[in-house]
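# Structure assessment
This is what each chain is made of:
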Amino acid sequence: MLMDNVDIVKETEDWAIQEKAVKFLRSRCESEEFTEEEIHRALGIFKSNSCNIAGFRARALFPTFSLINHSCVRNARHIVSSTEGIMEVVAQRDIKAGEEINVRYTTGVLETITNRRKNIQSQWHFDCACIRCSDNAECSSYASAIICQKCRKGKVMPKSPLEQGCVWTCDSCEHSNTEIEVENIVEKIKQSIEKIPDKDVTKLENFLKIAENILHPNHCLLVGVKMNLFGLYGAAPGLQLQQLSQAQIARKIQLADEYVGFMEKLDPGLTAWKGQIFYEVNRFKIVINMQNLQAQKVSIDQFVKTLEKSVTELEQAVAGIAGEKYSVTTTNLRERVGMLAKVQLLGEGYKMLLNTCLKMPFVK
């Protein structure tokens, strides 16, 4: 039986809205064949168990899917087909026999532990105690950590992450802050970000240098800024792909690598975000690798090793974007490059790059 959480909603501001909805349905819509209690239960079930429909400002209820539990670090993802009206649950990583299948109810990963748990409680009326929420370092991502303003080197994290309003302590000098003090620091940084024009690369880069003395470099807010910068290098006015300098390309690759390293801790496996990142950044990696070989900055062995890494990432890109495992039937590098060159999803640009690699006799 699906949860309606009516008893909990009664104690919140949402109850007044729900009461108006019930009154409207019974009087204006003449739905008197249903009791107020039945309508409240139906609304409660829908609010607690429905999900967004892509491409529409609408939500839908899939009863079987609603039985799947939440984890902030999911092992499966769900895809809703708005045209066919069906829900598909896809394994995001290998799931062991007997292991519970879980999805992430929330839409994003870049939320602090305080905001995330409050949002889950507000929307779904339970206190999340998943591996991310129960770990003060959030699976070693430090997504909510701030820099200790006393010793200037330690990470300040919640001492008891599952306890609302707990003390936050430095892992170096043990100086403590209240949860409210931490939230105020984060809010000030957030307000500073909002004042910066979202396409001003110079100001955003300068802001990061300052903010990383206050928030951990992997803090959700700063990771968001870094992802904005990743997109701007190659798209912003004066920074189109063909206009990027070697240093700017290197910075774009660095931002991508940092983001992947962060997200792999919180959203591992077969993911669309990883597919998009690897798709966009490896065209640069392959070109730079070729240029370094031509300039004799790397040996043939180093070139092949770097190319093999790009090939692996492109295989993951195809899987992530397509939403299903990319079948690799060989360990031979040349054969893997040839297979990728035939993948239409990668486009003509990659086809040309990969075919150029195939002309090199040492790619074997």
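Since the model is a prediction, treat every value here as computed from it, not as a measurement.

With that settled, the discussion passes to the overall build of the chain. On a plain count of helices and strands, the chain comes out with 12 helices and 10 strands. Burial status across the chain gives 44% buried among its 364 residues. Of the contacts made within the chain by residues no fewer than 6 positions apart, 57% connect residues no fewer than 24 positions apart. Total accessible area computed for the chain in this model is approximately 20,300 Å², and 52% of it derives from carbon and sulfur atoms. Of the charged side chains in the chain, 46 are positive and 45 negative; the average position of the first set lies 8 Å away from that of the second.

Once that is clear, we can look at the nonpolar core. Formed by 49 residues in total, the largest nonpolar core has its most connected members in Phe207, Val225, Leu229, Tyr233 and Ile277. Sorting elements by how many residues they give to this core places helix α8 (residues 246-266) first, with nine residues. Leave out the neighbours within four places in its chain, and Ile277 touches Met227, Phe230, Ala256, Tyr259 and Val260. Core analysis: the second largest hydrophobic core is formed by 25 residues, Leu293, Leu314, Val318 and Tyr350 among them.

For the rest of this paragraph, the subject is unusual backbone geometry. Of note, the phi angle at His125 is positive, near 65°, even though the residue is not glycine. Tracing the chain through its elements places His125 in the loop between α4 (113-124) and β7 (146-147). Its relative accessible area of 11% is what places His125 among the buried residues.

Glancing now at the pattern of salt bridges. In the structure shown here, the tally under the stated rule is 19 salt bridges. One salt bridge connects Lys325 with Asp94, and the closest N-O pair in it is separated by 3.2 Å. Note that Lys325 is positioned in the loop between α10 (300-322) and α11 (333-341) and Asp94 in the loop between β5 (86-91) and β6 (102-103), a separation of 231 residues in sequence. Assessed through its relative accessible area of 67%, Lys325 is described here as exposed. For the salt bridge of Glu212 with Lys226, the shortest nitrogen-to-oxygen distance reads 3.3 Å. Residue Glu212 is located in the loop between α6 (201-211) and α7 (220-232), and its partner Lys226 is located in helix α7; the two are separated by 14 residues in the primary sequence. Given the relative accessible area of 28%, Glu212 is considered partly exposed.

This next bit is on the sheet that holds β7. The four strands are arranged β7-β8-β9-β10 in an open sheet whose pairing can be described as antiparallel. Each edge of the open sheet is held by one strand with a lone partner, namely β7 and β10 (176-177). In terms of strand pairing, strand β9 (residues 168-170) meets β10 through two bridges, oriented antiparallel. When the sheet's bridge partners are listed, Trp168 is paired in β10 with Asn177.

With that out of the way, let us pick up the packing of aromatic side chains. Considering all chains together, one arrives at five aromatic pairs under this definition. Each ring, one from Tyr279 and one from Tyr350, has its centre 5.4 Å from the other, and the planes form 55°; the classification is tilted. On the criterion of sequence distance, the pair formed by Tyr279 in helix α9 (residues 272-294) and Tyr350 in helix α12 (residues 347-358) is long-range, its members being 71 residues apart. With relative accessibility at 3%, the residue Tyr350 sits in the buried group. Note on Phe303 and Phe362: the rings are 5.9 Å apart at their centroids and 90° apart in plane angle, and the pair reads as edge-to-face. In this pair, Phe303 is assigned in helix α10 and Phe362 in the segment after α12, connecting sequence segments 59 residues apart. Given a relative accessible area of 23%, Phe362 falls into the partly exposed group. When the ring centre of Tyr142 is taken as origin, the NZ or CZ atom of Lys155, which lies over that ring, is 4.9 Å away. Sitting over the face of the ring of Phe230, Lys252 holds its NZ or CZ atom 4.0 Å from the ring centroid.

Conventions and cut-offs
Residues numbered from 1 in each chain as written. Predicted model: local features only at pLDDT ≥ 70, side-chain atom pairs only at ≥ 80, totals over all residues. Heavy atoms only, no water. Helix = DSSP H or I, 4+ residues; strand = E, 2+ residues; numbered from the N terminus. Buried < 20%, exposed > 50% of the residue type's maximum accessible area, 1.4 Å probe, protein only. Contact = heavy atoms within 4.5 Å. Areas by Shrake-Rupley, 256 points an atom, 1.4 Å probe, with all protein chains shown as cover. Lys, Arg positive; Asp, Glu negative; His and termini not counted. Charge placed at Lys NZ, Arg CZ, Asp CG, Glu CD. Core = buried A, V, L, I, M, F, W, Y, C linked by side-chain atoms within 4.5 Å. Salt bridge = Lys/Arg side-chain N within 4 Å of Asp/Glu carboxyl O. Pairing = 2+ DSSP bridges. Phe/Tyr/Trp six-rings, centres within 6.5 Å; stacked < 30°, edge-to-face > 60°. Lys NZ or Arg CZ within 6 Å of the ring centre and 35° of its normal.

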